[in-house]
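# Geometric and topological summary
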Amino acid sequence: MSKKYDIAIIGGGIVGLATAYRILLKDPELKLVILEKEDHEAAHQTGHNSGVIHSGLYYKPGSLKASNCITGYKMLLEFCDENKIPYELCGKIVVATSKDELSQLDILYQRGIENGLTGILRLNEAEIKEREPNCNGISGLYVPQTGIISYKSVCKVLKEKILNAGGEILFNFKVTGIKVSEGACNIKSIEKLILSELAINCAGLYSDKVAEFSEPNLDTRIIPFRGEYYMIKPEKQHLVKNLIYPVPDPNFPFLGVHFTRMIEGGVEAGPNAVFAFKREGYKKTDINFGDLWNSISWPGFRKVALKYWKTGIGEFYRSYSKSAFTKALQKLVPVITKDDLIPAGSGVRAQACDRTGGLLDDFKIVEKPGVINILNAPSPAATSSLSIGQTVAELALKRLKRAN
Ligand SMILES: Cc1cc2nc3c(=O)[nH]c(=O)nc-3n(C[C@H](O)[C@H](O)[C@H](O)COP(=O)(O)OP(=O)(O)OC[C@H]3O[C@@H](n4cnc5c(N)ncnc54)[C@H](O)[C@@H]3O)c2cc1C
């Protein structure tokens, strides 16, 4: 006889863990399990990200991204303080390197103010140099709230707290089907079956596939975009003091290659954004024909490809040509050379795309009978995770109460 849970969370990334943590804080009596297909937590997006605590600068005021980033930022710092997780609020600069980026820089400044950020400064050329002596920009912003952290460390503590509160985590449990019937979800892997009153889908790069188990006509699909990094070699790390970002392309959901000082030491450069032929494909040569077909057969993807083909080719070119990657970085720090860069890791972003070719900008949470699906949780979802977790916990507890 299978054990029956109140809540089963699919996915042991930061969003699944933060959701479980918030639920158990609100109701420690609940029988909760996390089902994770890998043998450890934070194995995918969460464990391969840039480690930046985002301030909330970029996001449309009133959007879920803006509100959850601002609230999640505060919750994350509190959680880190309580649990002695190292982080550093080193601030970042965003720099315009040509006149045509100035209006977008103004928009960012306004957004930051509207999102309640205090202390943002406008920088002229000399002030940029005061903060980052090797950075060339004609105008910039300084955002003091931005920080650096290891999200793997946050997840380790979240995992301990969940286990201490009586939650369970089943690793190596790949969900292969969910059947929703009255009062229970049957959630199966190849070998096991568990029963749960409610399932919460936090499966990141596979969130659409998991959602399709209970919603075959899903209107979004996850398109994977790999982000590749270089490290600056140790003797040149002094070229970058903290975090240096370009002005992002407003039509594209990614921030552009940038420099990030890491909490564990070292300076990373990247990530780019290359269409990936495998959802969890961390190498250029990784290909999974099922995943690839899933992307290219989606009507929305073909529209995205038509709209952004130039940007896409540029990203592929930069992926294969170190010189081209270096050139993009030289816009920000002209003295950096190809020889200063050592290939480092990569991460793959789960970017939801609708049928009409829209790359979803905001977080997306959809409730269905028996299941809550988190269908789009791209950056800054790591920063925002405790706030997203809080929202989902409230939805989940309301659902269980209604059912009882
Ligand atoms: C390159 C890169 C840089 C980023 N930089 C930042 C940053 O600096 N700051 C920031 O705030 N955000 C950043 N992000 C975004 C952030 O990392 C993600 O938004 C966040 O990690 C999403 O967490 P998640 O739990 O939804 O997904 P994941 O971390 O991907 O977790 C999903 C989990 O679900 C599991 N799973 C999938 N399918 C199944 C199944 N069928 N059965 C069981 N388990 C399953 C997976 O194994 C995985 O562990 C970045 C992302 C990337 C890729």
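Everything discussed here concerns the structure shown above.
Remember, predicted model here, so these are calculated numbers, not experimental data.

Turning our eyes to something else, we now look at the overall build of the protein. The helix and strand tally for the protein stands at ten helices and 20 strands. Structurally, the protein occupies a C-alpha span of about 70 × 45 × 35 Å along its principal axes. The proportion of buried residues among the 404 residues of the protein is 55%. As displayed, the protein offers around 17600 Å² of accessible surface, 54% of which is attributable to carbon and sulfur atoms. Taking the average location of the 52 positive side-chain charges in the protein and that of its 44 negative ones, the two points are 3 Å from each other.

Along the chain, L76 falls in helix α2 (residues 64–83). Non-local contacts of L76, meaning those with residues more than four positions away in its chain, are made with I53, I149, Y151, V154, T383 and L386.

Bringing helix α1 (residues 14–26) into the picture now. Owing to its 3.6 residues per turn, the α-helix brings residues three or four apart onto one side. Given a rise of 1.5 Å per residue, 13 residues ought to cover 18 Å, and the 18 Å separating the end C-alpha atoms of α1 matches this to within 8%. Of all 13 residues that make up α1, eleven are buried, and the element is covered over most of its length. Those residues of α1 that sit buried are I14, V15, G16, L17, A18, T19, A20, Y21, R22, I23 and L24.

Another aspect to go through is the pattern of salt bridges. Going through the model one piece at a time under the given rule, you end up with 19 salt bridges. Between R279 and D291 there is a salt bridge whose closest N-O contact spans 3.8 Å. Of the two residues, R279 sits in the loop between β17 (274–275) and α7 (289–296) while D291 sits in helix α7, which places them twelve residues apart along the sequence. Residues R279 and D291 agree in their burial class; the two are buried. As a salt-bridge pair, K283 and D286 come within 3.8 Å of each other at their nearest N and O atoms. Residue class for D286 comes out buried when judged on its relative accessible area of 15%. A single salt-bridge network, built from bridges that share partners, covers K37, E38 and E280.

Surrounding the ligand, one finds 38 residues, the nearest of these being E36, T46, V175, A377 and T383. Within the backbone of I14, a nitrogen or oxygen atom sits 3.3 Å from an oxygen atom of the ligand. Interatomic distance of 2.7 Å between a side-chain N/O atom of E36 and an oxygen atom of the ligand. Considering the ligand on its own, with 1000 Å² of exposed area, one finds that the protein chains cover 97% of that surface. Secondary structure elements with two or more residues in the shell around the ligand: α1, β18 (341–354) and α10 (381–403). The greatest single-element share of the shell around the ligand, amounting to three residues, is contributed by α10.

Soluble globular proteins tend to bury their nonpolar side chains together. Ranked by size, the top nonpolar core spans 45 residues in total, and within it I7, I9, I23, V154, L158 and I200 carry the most contacts. Sorting the residues of this core by element identifies β1 (4–10), α1, β2 (32–35), α2, α5 (151–164), β12 (193–201), β20 (371–376) and α10 as the ones contributing at least two each. The element that contributes the greatest number of residues to this core is α10, accounting for nine residues. With residues up to four places along the chain from it excluded, the contact list for V154 reads I14, L76, F79, C80, I85 and I149.

Here G137 lies in the loop between α4 (125–131) and β7 (139–143). If near-sequence neighbours (up to four positions away) are discounted, G137 is found in contact with V95, A96, T97, E125 and I128.

Attention now goes to the side chain of R221. By the secondary structure assignment, R221 is in strand β13 (residues 220–232). When its relative accessible area of 12% is taken as the criterion, R221 is described as buried. A distance of 2.9 Å separates a polar atom in the side chain of R221 from the backbone oxygen of N294.

Rules behind the numbers
- Residues numbered from 1 in each chain as written.
- Predicted model: local features only at pLDDT ≥ 70, side-chain atom pairs only at ≥ 80, totals over all residues.
- Heavy atoms only, no water.
- Helix = DSSP H or I, 4+ residues; strand = E, 2+ residues; numbered from the N terminus.
- Buried < 20%, exposed > 50% of the residue type's maximum accessible area, 1.4 Å probe, protein only.
- Areas by Shrake-Rupley, 256 points an atom, 1.4 Å probe, with all protein chains shown as cover.
- Lys, Arg positive; Asp, Glu negative; His and termini not counted.
- Charge placed at Lys NZ, Arg CZ, Asp CG, Glu CD.
- Contact = heavy atoms within 4.5 Å.
- Expected span 1.5 Å × (residues − 1).
- Salt bridge = Lys/Arg side-chain N within 4 Å of Asp/Glu carboxyl O.
- Near = heavy atom within 4 Å.
- Polar contact = N/O pair within 3.5 Å; in protein donor to acceptor, adjacent residues only side chain to side chain.
- Core = buried A, V, L, I, M, F, W, Y, C linked by side-chain atoms within 4.5 Å.

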